Amino acid sequence: MVGDRRRARDSGAPRVGDVVGVAMLPPPAAMPLVERARQRVAMLHRRLVPPPVRVIEALLAGVDTAALGALCALDIPDQLAGRMSISALAARVDADVAVVERLVRYAAARGWLRLDRTGRVAATSTTRFLRRDHPGGWRAWVDFSTGPEVFAALGVLANEPRSPDPFAAANGAPFFAWQPQHAERHAAFDAAMAAGGRMHGLALAAALDWSTIRRVCDVGGGTGEALRVLLAKNRHLRGVLFDLPAVVARAAPAERLEAVGGDAFAAVAPGCDAYVLINVVHDWGDDDAVKMLARVAEARLAGGQVIVVEHLRRARPLDGIALRSDLLMLALTAGGRERNDAEVEALGTRAGLALQRTVALASGDTAYVFT
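These numbers come from a predicted model, not from an experiment.

Engineer: When you look at the sheet that holds strand 1 (residues 84-85) in this model, what are you seeing that I'm missing?
Structural biologist: The strands making up a sheet are joined through hydrogen bonds of the backbone, oriented either antiparallel or parallel. Taking strand neighbours across the sheet as the criterion, the three strands line up as 1-3-2 in an open arrangement whose pairing is antiparallel. The sheet is open, and its two borders are formed by strand 1 and strand 2 (113-115), each paired with just one other strand. Pairing of strand 1 with strand 3 (residues 120-123) involves two bridges; the strand directions are antiparallel. The residue of strand 3 that forms the bridge with Ser85 is Arg120. Packing against the sheet, helix 8 (residues 97-110) makes contact with strand 2 and strand 3, and its axis sits at approximately 105 degrees to strand 2.

Engineer: Any chance you could explain the sheet that holds strand 7 (residues 274-278) here in plain terms?
Structural biologist: On the basis of which strands lie adjacent, the open sheet formed by seven strands has the order 6-5-4-7-8-10-9 and mixed pairing. Two strands in the sheet have a free side with no partner beyond their single neighbour: strand 6 (257-261) and strand 9 (355-360). Geometrically, the sheet is characterised by an average inter-axis angle of 20 degrees between neighbouring strands, direction not taken into account. Here strand 5 (residues 238-243) pairs with strand 6 via five bridges, running parallel. Bridge pairing in strand 6 links Phe242 to Val260. Each of strand 7, strand 8 (305-310), strand 9 and strand 10 (366-370) is contacted by helix 14 (residues 183-207), which is oriented at about 130 degrees to strand 8, the strand it contacts most. Running over the sheet, helix 15 (residues 225-233) touches strand 4 (215-219), strand 5, strand 6 and strand 7 and is turned about 175 degrees from strand 5.

Engineer: Can you help me understand the nonpolar core in this one?
Structural biologist: Note on soluble globular proteins: their nonpolar side chains tend to be buried together. Grouped together as the largest cluster of nonpolar side chains are 29 residues, with contacts concentrated most on Val219, Val268, Leu277, Leu293 and Val308. Contributions of two or more residues to this core are made by strand 4, strand 5, strand 7, helix 17 (286-299), strand 8, helix 19 (341-350) and strand 10. Non-local contacts of Val308, meaning those with residues more than four positions away in its chain, are made with Leu277, Val281, Leu293, Val344, Thr366, Ala367, Tyr368 and Phe370. Counting residues in each nonpolar core, the second largest holds 25 residues, with Ala203, Val216, Leu231 and Ala251 among its members.

Engineer: What's the story with the pairing of strand 7 in this structure? I'm lost.
Structural biologist: Within a regular strand, the side chains alternate between the two sheet faces. The element strand 7 is largely enclosed, with a buried count of five among its five residues. Residue alternation in strand 7 divides its side chains into two sets, Ala274, Val276 and Ile278 and Tyr275 and Leu277, and both sets are buried. Where strand 4 and strand 7 come together, three bridges link them in parallel fashion. Following the sheet pairing, Val216 is matched in strand 7 by Ala274. Regarding the hand of the β-α-β motif, the stretch spanning strand 7, helix 17 and strand 8 is right-handed.

Engineer: I would appreciate a short explanation of the packing of helix 5 (residues 62-73) against helix 8 in the present structure.
Structural biologist: Two quantities define a packed helix pair, namely the angle between the axes and the distance from one axis to the other. At their nearest, the axes of helix 5 and helix 8 sit 10 Å apart, and the two run at 120 degrees to each other. Once helix 5 is placed against helix 8, the crossing between them reads as left-handed. Each of Val63, Asp64, Ala67, Ala70 and Leu71 in helix 5 lies in contact with helix 8, whose residues at this interface are Leu103, Tyr106, Ala107 and Arg110. Its residues placed into classes, the contact of helix 5 with helix 8 shows seven nonpolar, no polar and two charged.

Engineer: Mind showing me how you'd approach the environment of Phe144 here?
Structural biologist: Along the chain, Phe144 turns up in helix 10 (residues 139-145). Residue class for Phe144 comes out buried when judged on its relative accessible area of 3%. For the pair Phe144 and Ala123, spaced 21 residues apart in sequence, the C-alpha separation works out to 23 Å. With residues near it in sequence (within four places) discarded, Phe144 still touches Glu149, Val150, Phe175, Arg185, Ala188, Phe189, Ala192 and Leu332.

Definitions and cut-offs
Residues numbered from 1 in each chain as written. Predicted model: local features only at pLDDT ≥ 70, side-chain atom pairs only at ≥ 80, totals over all residues. Heavy atoms only, no water. Pairing = 2+ DSSP bridges. Helix = DSSP H or I, 4+ residues; strand = E, 2+ residues; numbered from the N terminus. Contact = heavy atoms within 4.5 Å. Axes fitted to C-alpha atoms, helices over the stretch in contact; angles between N-to-C directions. Core = buried A, V, L, I, M, F, W, Y, C linked by side-chain atoms within 4.5 Å. Buried < 20%, exposed > 50% of the residue type's maximum accessible area, 1.4 Å probe, protein only. Right-handed = clockwise from strand over helix to strand, strands pointing away. Left-handed = near helix turned anticlockwise from the far one by under 90°. Nonpolar A, V, L, I, M, F, W, Y, C, P; charged D, E, K, R; others polar.

See the structure below:
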């Protein structure tokens, strides 16, 4: 009976393996241990390599992005079936054999593909996550990250680091103003956020108690994937998806989900007893973040929760996604950044909120629960 109820409650939720690549969500407490272990391995690597080599390796790191983009542009993850010779794979994707061979060799060294001793190519678990039809949707991150507007913003950061807004300097308008004017690129960004949203939805559903909450609003929730997971995992919940009108217009209809378009700096959909902001605050400078949080505080029901999910900026930096995300915010936004616990709490306090607790998530993020 318990198993039946659990299956019914989880109906419609994505499988953990399809989203994070492992059968079960890792314990949140294990995530810092994993990060530290990876840091030690990286430090060992650095100690084994002379400084000039470290510099060259760092400068060539951008080749990873280009290689992943090329693999996906050729649809190699989608066209790779079983074990294939490089020539057969090249014929299938209609590309020059020499180009495919060089991409495959690089991808195999990075673990994205497998190249056996006979020279045949096979998929790895990473290859499958790069397929267009993979339910996790992580291919969208390749499509977004390899966009010319992102490369251009990173180029400005590299050559003009004093620029207050590298993205605007490169593309003629700030990121969130530029996106609606470029529908295809905006859709690629939405799809990348949706992939992360599935992961965050699973992590939030597992880490927080939703039993006393009846109506939850996802502010800046994109096309609603995080909210969809929360609703699937908690059948008593009703959800409000709040984002720009052009964004929520792309959200697929779902049971118990209402899509509301608007501007979070002006007003947020009212009447919910919980509001979540998932990797939204880090897009903005302090004053804008406080303004948005204040609008959320005004919209909630009395005693309602405001749950801010962010990467943690550690006092001692660890080489991981949070550190890279901080530099990406520097390139893409005017003032956006990752923050430490005290800085997130200070934003909430300025917006009239009180931090009740912090909760580590299996995604590696932290949930800050305000009232």
